[in-house]
Amino acid sequence: MQASTPRTERQGREQEGIVYKTQCQNPGCGHTFALRITPRDVGLLSGTMPCPRCKRHGGMLKPAGRIGDKLFAAKLIFKAVGVSSSLASSVPTEEGDLVSDMMGSGF
Ligand SMILES: [Zn+2]
């Protein structure tokens, strides 16, 4: 008699880190992707990253609650650019510092 139970080979090889189910908040995008954060990647949580779909830079990962075991929801939020530009023009913005912080690439 044959036992045809599919064997799961999960033993001893647990995935490292946690997964953020991240939704891009860029208007018109809304792409959802799974972002795995390992102890090596925690810098992502305090920095910025581009959306893998719309490629918009400067997205900040904002945790939005726990979904399950090692699974969290998060949103990739972007600073409103252009909306308050008329207001900001009279005030020195912090953008310069932020951009130069991000290796001063041609933004
Ligand atoms: Zn996007």
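Residues numbered from 1 in each chain as written. Predicted model: local features only at pLDDT ≥ 70, side-chain atom pairs only at ≥ 80, totals over all residues.

Draft legend 1. Representation of the sheet that holds strand 1 (residues 18–24) within the structure. One open sheet holds the 5 strands; their spatial order is 2-1-5-4-3, and the pairing between them is mixed. Lying at the two open borders of the sheet, with one neighbouring strand each, are strand 2 (32–37) and strand 3 (48–49). Pairing between strand 3 and strand 4 (residues 59–68): 2 bridges, direction antiparallel. For Thr 48, the partnering residue across the bridge sits in strand 4 and is Met 60. (Pairing = 2+ DSSP bridges. Helix = DSSP H or I, 4+ residues; strand = E, 2+ residues; numbered from the N terminus.)

Draft legend 2. View of the pairing of strand 4. Bridge analysis of strand 4 against strand 5 (residues 71–77) gives 6 bridges, and the strand direction is antiparallel. Across the sheet, the residue bridging to Pro 63 is Ala 74, located in strand 5. Here strand 4 hands over to strand 5 after 2 residues, with Lys 70 in that stretch at a positive phi of 60 degrees.

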